[in-house]
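Coordinate analysis (summary)
Take a look at the letters that make up each chain.
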Amino acid sequence: MRGPLVVKRAFSEPLLLLAAFGSILLATTTLVALTMYASSIADIGVRRTMETATPTQKAATVSTSVSAETFPRFDQAVRAEVARAYGGAPAQITTSFRSDSYTMPGQEGRKTPELLRFGSYEGLDQQAELISGSWPKAGGDVVEAAVSLPAASATGFKAGQVITTEGRLDHTRIRVRITGVFQLHDPFGDRWSGERLLGRGVEQGGFTTYGPLMVARETFLSRFATNVAVTWTAVPDLRSITPEQLRPLAGRVARLHDRLAAAGCANCTANSRLPELLTQLDTASLVARSTMLIPVLQLLLLAAYALMLTARLLADHRRMEVALLRSRGAGTLRLAFLAGGEALLVAVPCAVVAPFLGPPLLGLINALPWIKASGVRLALSADAGAFLVSAAVALASAILLVLPALAGARRTYVEEQAARGRGGGRGLIERAGADLALLVVAGLAIWQLQHYGAPVTATAGGDLGIDPLIISGPALALLTGGMLGLRLVPRISRVAEKVTARRPGLAPALGAWQVSRRPLKYAGPALLLTMAVAIGIVSLATASTWRASQADQARHQAGADLRLAGPPDGPELGTFGRGTAFAALPGITALSPAYRGLVDLGSQTATLIGLDAAKLDQLLQLRPDLSARSVGEMSKALAAARSAGDALEIPGRPSHLQVEAHATGKAPLRMMIADALGVWHEVSLGVLHEGDNRFDVDLAKLAGSRGKITYPLSIRGLVANPPESGTVRITASVLGRPYSLEVTEAQPVSTARRDARPLPIVLTADLAASLKLADGATGRLSMDGRVIDVTVAGIVAQMPTSAGQPALLADWTTLHDRDLAAGLIPRPATEWWLAARDGDASQAKAVLQARPQWDVTAVDQRELAAQLRDDPLASGLQGALILGFLAALVFAALGFLVNATVAARERMAEFAILRALGVSFRQMFGLLAIEQTFVIGLSLVAGTALAVVVGVLVVPHIVLTGQAAAVTPGVLLDIPWPATLAMLAAVAAVLFAIVAGLARQLRRQGFTREEL
């Protein structure tokens, strides 16, 4: 062959040259794809978060008091500083004004009149639609105003009506023409969270306030701007933001208040949740990128070892050639140039080609089901960074390819002859104890990972950075575990030799003897296969654990298939109307009203959750490992203290109820009513006067304007509040049942009897420990100032929906019975927990979304799980694991093929001698199969064991939320054994197919069919 010596020398070993080329190309292509993937996922995750963030999360609000004279100056300063804070990012800035209070027409002489407010909101006509009339215009003696539909319904105002109102402070009288009635597109949406009066039309407090009556901006500034409140709301468009811009932007927005003060608006207050969101997102992006470095480093380590094995084979194959060249005057520098030129001949094409092969690999990631479902589309073009990574990996690969050749370049021909054939049972690394030293380093790295909870730690400057030791921990653990496994090779081979030597058959005995004689020949391929198998299983386990954790998080955060939160009553659905409407939602099989609130337990605060214990088994989604008791057992224990009570069921479906009462003095009287769903409501009967009293209770009103009551209703009891002085005796009658009460100035008195039994509760473990209460124990605790006896019906590690905070769970009915006996106001149904058929609450959620007037926030467990799975920052590790998993298996197959082929070629002379001694092809195949079975079997078993150990130590600590926070409930390792066993079987089948192919090659070279 003509050409340079380097080229001729390289092509003299085409198999090893091709193996080196394949290893480098696979390493560069996969690592380029992984780095492109990590960068793309970080960018996509940041942009997705900003796209889905609510206006309240992104907005910056600036508030101050202005007059018509000062507003232009403040407006200019605010807009300039907001633009500077956002760094040129486009932002929608709206101004909203709210006037002082005005008196409702005709109520000027009242001590506590109902009030009106005027307002102006920039761009209101784009956020609402007119029901009647027209939008107001500026100018004229009569102020033109539009009113929202809820405010119009509450006040009776109509389009075209003219009213006169008077200012509460300056008593200025203003004539107003109602030009139109409008309805907000999303009155309960996040946009109006700071404009409750605009969304609801009425506010209840010390005064009842209606409005605001919306006027044109010019009208407001000329007629109402007398040191009134103005708010600028700036919502930026951050869809094109990059991870590198997060922290600088957060810093600028956080300094907005100081910059406004410096610009002359000393009284301006600036508030924004954006800096917190950006800082959290920056941390999450950094953690996501650092976590995806774990498979990158594992693959780097595997690729480096596979390449070093190939380089060692090449060096061993040429050591006599090198020794001859050395003896004929070739110096070390000359040999280094030859080896380096040969390595570059292989590496340079890989560096050029790999960036173009990386995007197609990303295309495979785009095809993954969860990537498709999330809508993430990865960039499929190589940039300068891809070429830089490719060149760096190829150069490092070339250096690794040269090192073994340089290590043997100093031996002479005689020294090589003396060293040839010399075997050993222990390698240099084992003899030096390097594997034990690496074990210490890997243990320290994994300990830090478990301690910090992520591969990110604080830097000396106070910022966050990737800790190289932590990030390398899993890779070092795999390498160390594999190296420690190599210590078993000579020991197991000696045992196999002794066992097979006593049994008949040439192939087993000869194969075991061959491995025992030269264990280091088999140690390299065994370590490569062990690491590859371990990486594959760890990748499968991490992906499976991540998916299981997302489902666990969704169930824990939702608590039930569907959880609804909102006010306990409203204009359309009243207290008794909400449960009826929710029960009628499609697909709902069970529901329970729920109370959630903070309770003071003396030295600490905890979240109290009240649920219908009888339905707990159908509703509560508690992971079994979080409690020693099942949900069914806790359900029975919580309901055990329910009293039969003396509730009076109201027959039929009445809309009104008559109550008669006789009192010896003045005292407030309350009546507790419950519907068939268990919702309690307090009806104030007013202050009883001395003598006979009669009350007509409008029951239909409790359902709301469009709600329905779930009958039958029941009277739970009466409560008399303390009188101003003395003792008042009350005798009441409801539906013929008499009630007697005697109340003094001390405390409220109820007709319900006190239950002496302890209140059953379920506690979180941290709360139980602080209260020194064990499962099944009875004790006393102070709850909101009352000392009560409790019995522990169960202890859970974390309570669903409590966000990891101390919490206790009690039966809804039992809680209300105890509160009624103490004369307390019944706890409102702040939530509703619903169970859906087959866990699918999508139809019910759709109905709720079509009813915004119900003012309900819904948490759908399945929808939440899908959102968690589709978060690019949280799910990004999945794609990296798939790439690393496939590359590891290809490395294993390629390395095994090269090593087995070279080993077979090197032993052709040995096989010829065996042939001359009468060994058949079948026996030869058995000999080869025994040798390689040892390597394959040991690698599969050791790799599986190593993966389990590393999985237990590492995987639960690299599965984090999309905000880079620890997962609640804690992560449970999930090794998908069916998929794992299938993978092991597939790997074994491929490797044995390689052995069979080598055997056929030997038969073609040295055997005939007749000898079989």
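Structure shown above.
Quick look at the structure, then.

Rules used throughout
Residues numbered from 1 in each chain as written. Predicted model: local features only at pLDDT ≥ 70, side-chain atom pairs only at ≥ 80, totals over all residues. Heavy atoms only, no water. Core = buried A, V, L, I, M, F, W, Y, C linked by side-chain atoms within 4.5 Å. Buried < 20%, exposed > 50% of the residue type's maximum accessible area, 1.4 Å probe, protein only. Helix = DSSP H or I, 4+ residues; strand = E, 2+ residues; numbered from the N terminus. Contact = heavy atoms within 4.5 Å. Pairing = 2+ DSSP bridges. Axes fitted to C-alpha atoms, helices over the stretch in contact; angles between N-to-C directions. Phe/Tyr/Trp six-rings, centres within 6.5 Å; stacked < 30°, edge-to-face > 60°. Disulfide = S-S within 2.5 Å. Salt bridge = Lys/Arg side-chain N within 4 Å of Asp/Glu carboxyl O. Polar contact = N/O pair within 3.5 Å; in protein donor to acceptor, adjacent residues only side chain to side chain.

**Topic: the nonpolar core**
- One finds V176, L213, W232 and F896 to be the most contacted residues of the largest nonpolar core, which totals 137 residues.
- Among the elements that take part in this core, helix 11 (residues 274-327) stands out by supplying 15 residues, more than any other.
- Beyond its immediate chain neighbours, meaning those up to four positions away, F896 contacts L528, L529, Q932, V935, I936, L991, I994 and V995.
- The next biggest cluster of nonpolar side chains, apart from the first, holds 76 residues, and it includes L699, M783, L815 and A836.

**Regarding the sheet that holds strand 31 (residues 857-860)**
- Reading across the sheet, the nine strands line up as 27-28-26-29-16-15-30-14-31 and stay open at both edges, with mixed pairing between neighbours. Each of the sheet's edge strands pairs with one partner strand only, and the pair in question is strand 27 (778-783) and strand 31. Averaged over all adjacent pairs, the angle separating strand axes in this sheet is 35 degrees, with direction ignored.
- The pairing of strand 27 with strand 28 (residues 786-796) spans six bridges and is antiparallel. Opposite S782, over in strand 28, you have V787 as the bridge partner.
- On top of the sheet, helix 22 (residues 575-583) reaches strand 14 (562-565), strand 15 (588-600) and strand 30 (831-836); it is set at about 140 degrees to strand 15, its chief contact.

**Quick look at the sheet that holds strand 21 (residues 691-698)**
- One open sheet holds the four strands; their spatial order is 21-18-23-24, and the pairing between them is antiparallel. Edge positions in the open sheet fall to strand 21 and strand 24 (737-743), since each of these has one partner strand only. Geometrically, the sheet is characterised by an average inter-axis angle of 20 degrees between neighbouring strands, direction not taken into account.
- By the bridge criterion, five bridges tie strand 18 (residues 656-663) to strand 23 (residues 728-734) in an arrangement that is antiparallel. Residue pairing across strands places V659 opposite V734, the latter belonging to strand 23.

**So, the packing of aromatic side chains**
- Under the defined criterion, the tally for this structure stands at 11 aromatic pairs.
- Between F71 and W232, the ring centres sit 5.9 Å apart and the planes meet at 5 degrees, which makes this aromatic pair stacked. Within this pair, whereas F71 is found in helix 4 (residues 71-85), its partner W232 is found in strand 10 (residues 226-236), the two being separated by 161 residues in sequence. Summarising the burial analysis for this pair, F71 and W232 share the class buried.
- Taken together, the ring pairs connect F71, F97, Y102, F118, F220, F224 and W232 into an aromatic cluster.

**Some details on the state of the cysteines**
- Under the definition given, this model contains one disulfide.
- Across a sulfur-sulfur distance of 1.6 Å, C265 and C268 are joined as a disulfide pair. For the disulfide bridge between C265 and C268, the dihedral angle about the S-S bond is near 65 degrees, and by the sign convention the bridge is right-handed.
- C268 gets classed as buried once you look at its relative accessible area, which sits at 1%.

**Structural notes on the pattern of salt bridges**
- If you walk through the whole model with that rule in mind, you get 28 salt bridges.
- The partner of R786 in a salt bridge is D819, and the shortest N-O contact between them spans 3.2 Å. Highlighted residues: R786 in strand 28 and D819 in helix 26 (residues 812-821), separated in sequence by 33 residues.
- Its relative accessible area of 2% is what places D819 among the buried residues.
- Each of D75, R79, E122 and R217 takes part in a single network of salt bridges with overlapping partners.

**Considerations on helix 22**
- Burial of helix 22 is extensive: eight of the nine residues sit out of reach of the surface.
- Those residues of helix 22 not exposed but buried are T575, F576, G577, R578, G579, T580, A581 and F582.

**Some remarks on the side chain of T545**
- Here T545 lies in helix 21 (residues 519-558).
- The exposure class assigned to T545 is buried, which follows from its relative accessible area of 0%.
- With near-sequence residues (within four places) excluded, T545 lies in contact with V955, V959, V971, L972, L973 and D974.

**Some points on the environment of S627**
- Checked against the element boundaries, S627 lands in the loop between helix 23 (616-619) and helix 24 (631-639).
- Linking S627 and V796, residues 169 residues apart in sequence, is a C-alpha distance of 4.6 Å.
- Non-local contacts of S627, meaning those with residues more than four positions away in its chain, are made with L622, M634, I795 and V796.
- Polar side-chain contacts of S627 include one of 3.0 Å to the backbone oxygen of R629.

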